[in-house]
Amino acid sequence: IAPNSTIPDSSTLSPRRRKKNRFILFRIFRRKKRHASARHKGKKKKKKQAAAAFTLKMNEKLEEARRTFLDRMAAVSFSLINQERDAMVVNNDTFFQLDGDDEDITPQSDLSLPNRSIFVVTTAALPWRTGTAVNPLLRAAYLSRKMKEINNNNQTNATTSEQQMVTLVIPWLELEEDRLELYGNNHNFTTSQEQEDYIRDWLRGANMNEEADPVNGLRILFYPARYHSGLKSIFAMGDICATLRNQTEGSLLSDAVCVLEEPEHLNWYRCPGEGWTKVFGFVVGIVHTNYVEYASSQFIHGLWTAPAIHVMSSAMIRAYCHKVIKLSGVLQTYAPEKECCENVHGVRQDFIQEGRRRALEAASLSGTNLASRELNEEVEGQVYFIGKILWAKGFELMLQLQEFYHECTGKYFAIDVYGGGPEEGEIKRAFHGRRNSWNGEESDSDSDSEDSFRDNLKKLKSIEVPKSLYEWRRKPIPANFCGPVDHSLLGKYKTFVNPSTSEVLCTTTFEALAMGKFVIIPVHESNKFFLQFSNCLGYRNKWEFAANLRWALTHEPEPLTPELAKEFTWEAATDRLIRSSAITRREAKERYNLGKAKLDERIAYFHRELGKHDALRRVLGGGPASNQVRYELERQGLDQGNSEKFAMSSFVKAIKSTFISNNHHSQAASLSGGSAA
């Protein structure tokens, strides 16, 4: 169609012509749409290229800033390390500069020598019934008994044998709200002396009257502490070493042995001060808890992330311990040249007495009576579990084992569960199903309609969202949840089942074996110590579990022999501790050749310098334990401010010196450039 020509009326055109015109218009429309699409793609491509160029430019700037930061920190590190006045490295040659064979034990690490003064420092205390409160208390009590035995055997004078050679150092919660939250209204101590009296009464109840004597028995000292409700842990306030110097003769600490229960926990948020290895002659660290596992599964904020806690734990243990004892191989590697794996725990005499009672009962039964008791798996009340009611304790694995046992035998095995925990309700529903866990009662037919409506509304509000698919089960598992109880009172059961692998060394498993029971546990690094006993039935898969449970239900455990019972005692655990703490002259020489002592000293020095400002502890999730410097200054009655002390620290001085030196270098470079021009 020409530009100035008139468009003919479409009604006068033939059908063929009209079809051709429509085709031409369609071609023009497609061409314009294609051109518009090409222009849009070109603009989009230019935008992507611009964004990519901007991102590349920003990455280059970030990389440059990162290199500058690392160079700055390297300069700070060099400046700090070369301050010999502040970071003096002590030579540990005295560990092997004595005559004797390579297999001889160095005197610093020999806990079997007479007149050794031992301090056991822990992070918890009774009446909080946790492992870090009970086990260190019993360890200190039996160490006190052992030290008196060693002194008597070496014919020391009477005054020395009556001295308090072992000291238990435990936290005192200064805030009343902390004591109420942790200990409850029944144990709201107003003074540390009341708590000490409670602990000594507990020792007397454990048949340790001599150790409970406040004059000639175990000495108990307290350090101020705060309870971190978010982390469910107690942290010290102030310098523990300074507290011990004030409460004892400071000159005696340099020759004493210090046993740190959970050394990483004790040092994460510690107040800056002298390190443990500077104050005590020999420091042994006993690692109880797999904090990396807990951090990866529970905690999200601050320091409590798995990579950070892995690095921090290794640094704290390496810097403040001469010897590291891990309760099992499930723990991470902290300092390879220092550590060993050994179970240095024991059980109370109540459990061993129950094992002896069961052994006497088995010996008194005749062969006919014993045969009549076999193949009696239908009897309930034979299998049980005791521990915290948490999913992390292996309850999901137990549900899977129940389902597999049901597939093999056509029925679930009955189990009684003892303990408590925040997840008890949902775990109950997982075993019983939501229908069987319904606590409401049906209303009577003749009740008022308004009342029934209100009751139904209350039921709807009380319904919780299902936390697992197990809650929808139709057939309940015969599991009785009986609440918390003392394990020593459960002598009627024959088989203990514990599928958990989250513990470092499960105390309840140890106690069940001491009571002469069958114990069915998975073959795992945390259970390696238990697998040596004949009544321990380890399994690697579900088939082995079903077979072991069938065997346990149709047979009787082997009686606990006197030799076997000795392995469970705290006397044997104390001997294992003394043996594991020893360092031979050969090991001391190998350590010296590795040259790691300087690294340990520098880590301790950096930790002390970084801890001189409370802001870092707050960033790392210290919570109520963050204001360590302010607390220490207020306790000492000093007027010097926190910020002023941090500004005068050698750490800040080193940073300032690096900036000054860099400015001088830049000015010199500019002057040289100007002269050259």
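Counting restarts for each chain: residues are numbered from 1 in the order of the written sequence. Per-residue local features of the predicted model are confined to residues with pLDDT of at least 70, and side-chain atom pairs are confined, for both listing and counting, to 80 or more; whole-chain, interface and lining totals are unaffected and use all residues. As a convention, hydrogens and water are excluded, and side-chain values are obtained from all of the structure's heavy atoms.

## Quick word on the environment of W128
Part 1 of the argument: The helix and strand labels rest on DSSP assignments: H or I over at least four residues marks a helix, E over at least two residues marks a strand, and numbering proceeds from the N terminus. Along the chain, the position of W128 falls in the loop between strand 1 (118-121) and helix 2 (131-153).
Part 2 of the argument: Expressed as a C-alpha distance, the spacing of W128 and L182, which sit 54 residues apart in the sequence, is 6.8 Å.
Part 3 of the argument: Residue contacts are defined here by distance: any two heavy atoms, one from each residue, within 4.5 Å place the two residues in contact. In this view, W128 contacts A133, L182, Y183, K232 and I234; residues no more than four positions away in its chain are not counted.

## Some points on the confidence of the model for the protein chain
Part 1 of the argument: The predicted model of the protein chain has a mean per-residue pLDDT of 81, with 77% of residues at 70 or higher.
Part 2 of the argument: pLDDT measures how confident the predictor is about each residue, on a scale from 0 to 100. This stretch, residues 299-304, has a pLDDT under 50; its non-local contacts, to residues over four places away or in other chains, come to 23 contacts.
Part 3 of the argument: Contacts from residues 639-643, a stretch scored under 50 in pLDDT, to residues over four places away or in other chains number eight contacts.

## Here's the deal with the packing of helix 15 (residues 395-409) against helix 19 (residues 542-554)
Part 1 of the argument: Relative orientation of the contacting elements helix 15 and helix 19 amounts to 75 degrees, with a least axis distance of 10 Å. The angle between helix 15 and helix 19 falls in the class roughly perpendicular. Between helix 15, through Q400, L401, F404, Y405 and C408, and helix 19, the contact on the second element is made entirely by K542, W543, F545, A546, L549 and L553.
Part 2 of the argument: Only Asp, Glu, Lys and Arg are considered charged, only Ala, Val, Leu, Ile, Met, Phe, Trp, Tyr, Cys and Pro nonpolar, and every remaining residue, Gly among them, polar. Split into classes, the residues belonging to the contact of helix 15 with helix 19 amount to nine nonpolar, one polar and one charged. Axes, fitted as lines to C-alpha atoms, cover a helix only where it is in contact. Angles between the N-to-C directions of the axes lie from 0 to 180 degrees. When an angle is under 35 degrees it counts as roughly parallel; over 145 it counts as roughly antiparallel; between 65 and 115 it counts as roughly perpendicular; any other value is oblique.

## Details of the sheet that holds strand 10 (residues 415-418)
Part 1 of the argument: Two strands pair under a simple rule: DSSP has to find at least two bridges between them. Strand order across the open sheet formed by six strands is 11-10-9-12-13-14, with parallel pairing between neighbours. Looking at the sheet topology across the chains shown, the edges are occupied by strand 11 (479-483) and strand 14 (536-539). The sheet shows a mean angle of 25 degrees between the axes of neighbouring strands, taken without regard to direction.
Part 2 of the argument: Relative to strand 12 (residues 495-497), strand 9 (residues 383-386) runs parallel, the two sharing two bridges. Bridging across to strand 12, V383 finds its partner in T495.
Part 3 of the argument: In the packing of helix 18 (residues 507-514) onto the sheet, contacts are made with strand 9, strand 12, strand 13 (518-522) and strand 14, and the angle to strand 13 comes to roughly 150 degrees.

## Describing the packing of aromatic side chains
Part 1 of the argument: Aromatic pairs are defined between Phe, Tyr and Trp rings, using the six-membered ring for Trp, whenever the two ring centres lie within 6.5 Å; interplanar angles under 30 degrees are classed as stacked, those over 60 as edge-to-face, and all others as tilted. If you walk through the whole model with that rule in mind, you get 27 aromatic pairs.
Part 2 of the argument: An aromatic cluster is built from Y384, F385, F395, Y418, F431, F481, Y493 and F496, whose rings are joined through pairwise contacts.
Part 3 of the argument: Think of it as a cone above the ring: NZ of Lys or CZ of Arg counts as a charge over the ring if it is within 6 Å of the ring centre and within 35 degrees of the ring normal. Here the guanidinium or amino end of R270 rests over the ring plane of Y320, the centre of that ring lying 5.0 Å away.

## Brief notes about the packing of helix 2 against helix 21 (residues 570-581)
Part 1 of the argument: In the contact formed by helix 2 and helix 21, the axes pass within 10 Å of each other and the chain directions differ by 80 degrees. With respect to each other, helix 2 and helix 21 are oriented roughly perpendicular. Two secondary-structure elements touch here, helix 2 through N135, L138, R139, Y142, L143, R145 and K146 and helix 21 through W570, E571, T574, D575, L577 and I578.
Part 2 of the argument: Its residues assigned to classes, the contact of helix 2 with helix 21 shows six nonpolar, two polar and five charged.

## Some details on unusual backbone geometry
Part 1 of the argument: Here the amide bond leading from L126 into P127 is cis, since omega sits at 15 degrees, within 30 degrees of zero.
Part 2 of the argument: Tracing the backbone shows P127 in the loop between strand 1 and helix 2.
Part 3 of the argument: One non-glycine residue, N207, lies in the positive phi region at around 60 degrees.
Part 4 of the argument: Within the secondary structure layout, N207 lies in the loop between helix 5 (192-205) and helix 6 (209-212).
Part 5 of the argument: Although it is not a glycine, E262 sits at a positive phi angle of roughly 60 degrees.
Part 6 of the argument: Secondary-structure assignment places E262 in the loop between strand 5 (257-261) and helix 9 (263-267).

## A short note on the sheet that holds strand 3 (residues 219-228)
Part 1 of the argument: In spatial order, the strands read 4-3-2-1-5-6-7-8; together these eight strands make up an open sheet with mixed pairing. Lying at the two open borders of the sheet, with one neighbouring strand each, are strand 4 (233-236) and strand 8 (339-341). The average undirected angle you get between the axes of adjacent strands in this sheet is 30 degrees.

## Quick word on the nonpolar core
Part 1 of the argument: In terms of nonpolar packing, the biggest core is built from 146 residues, with I118, W276, F280, F431 and F568 touching the most fellow members.
Part 2 of the argument: The element best represented in this core is helix 2, accounting for ten residues.
Part 3 of the argument: Among residues more than four places away in sequence, those in contact with F280 are F119, L244, L253, S254, A256, V257, C258 and H322. Nonpolar cores are built from buried Ala, Val, Leu, Ile, Met, Phe, Trp, Tyr and Cys residues. Side-chain atoms within 4.5 Å join them into one set. Each residue is assigned to one of three classes by its accessible area relative to the maximum for its type, calculated with a 1.4 Å probe on protein chains only: buried under 20%, partly exposed between the two thresholds, exposed over 50%.

## Structural notes on the pattern of salt bridges
Part 1 of the argument: Salt bridges are defined by distance alone: a side-chain nitrogen of Lys or Arg within 4 Å of a carboxyl oxygen of Asp or Glu. In this structure the tally under the stated criterion is 27 salt bridges.
Part 2 of the argument: Between K589 and D102 there is a salt bridge, and its shortest N-O distance comes to 3.4 Å. Taken together, the positions of K589 in helix 22 (residues 585-594) and D102 in the loop between helix 1 (15-81) and strand 1 put the pair 487 residues apart, joining distant regions of the chain.
Part 3 of the argument: Assessed through its relative accessible area of 31%, K589 is described here as partly exposed.
Part 4 of the argument: For E196, the salt bridge goes to R200, with nearest N and O atoms at 3.0 Å. Taken together, the residues span about one helical turn, with E196 and R200 both in helix 5 at a distance of four residues.

## Focus: a positive patch on the surface
Part 1 of the argument: Residues forming no salt bridge and having over 30% relative accessible area are the ones grouped into patches, like charges within 9 Å of each other and nonpolar side chains (Val, Leu, Ile, Met, Phe, Trp, Tyr) within 5 Å. Only the protein chains shown count as cover for residues, and all accessible areas are computed by the Shrake-Rupley method using a 1.4 Å probe. By the counting rule applied here, Lys and Arg register as positive and Asp and Glu as negative, while His and the ends of each chain are not counted. All charge positions are set by atom: Lys at NZ, Arg at CZ, Asp at CG, Glu at CD. On the surface, R27, R30, R31, K33 and R34 cluster together into a patch of positive charge.
Part 2 of the argument: Turning to its location among the elements, R34 is positioned in helix 1.

## Topic: helix 15
Part 1 of the argument: With 15 residues, helix 15 extends 21 Å between its outermost C-alpha atoms, agreeing within 8% with the 21 Å of an ideal straight helix rising 1.5 Å per residue.
Part 2 of the argument: When helix 15 is considered as a whole, its buried residues turn out to be F395, M398, L399, L401, Q402, F404 and Y405.
Part 3 of the argument: Its buried side turned inward, helix 15 meets strand 9, strand 10, helix 16 (424-432), strand 12, strand 14 and helix 19.
Part 4 of the argument: G410, located one to two residues past helix 15, shows a positive phi value of around 85 degrees. Multiplying one less than the number of residues by 1.5 Å gives the expected span of a helix.

## Things to note about helix 4 (residues 176-183)
Within an α-helix, residues lying three or four positions from one another point in the same direction, as the helix has 3.6 residues per turn.
Part 1 of the argument: Three or more residues of helix 4 are buried, namely D178, R179, L182 and Y183. Looking straight down helix 4, one finds its buried side chains confined to an arc of 95 degrees; they lie on one side.
Part 2 of the argument: For helix 4, the elements touching its buried residues are strand 2 (166-173), helix 5, strand 3 and strand 4.
Part 3 of the argument: Just downstream of helix 4 lies G184, where phi reads positive at about 85 degrees. It is the directions from the helix axis to the C-beta atoms whose arc is reported.

## Regarding the pairing of strand 6 (residues 282-287)
Part 1 of the argument: Counting buried positions over the six residues of strand 6 gives six, a clear majority of the element.
Part 2 of the argument: Here strand 6 shows no split at all, with F282, V284 and I286 on one side and V283, G285 and V287 on the other all buried.
Part 3 of the argument: As defined by bridge partners, strand 5 adjoins strand 6 across five bridges and the pair is classed as parallel. Bridge pairing links V257 to F282 in strand 6.
Part 4 of the argument: Pairing analysis gives four bridges linking strand 6 to strand 7 (residues 323-326), with the strands arranged parallel. Across the sheet, the residue bridging to G285 is V324, located in strand 7.

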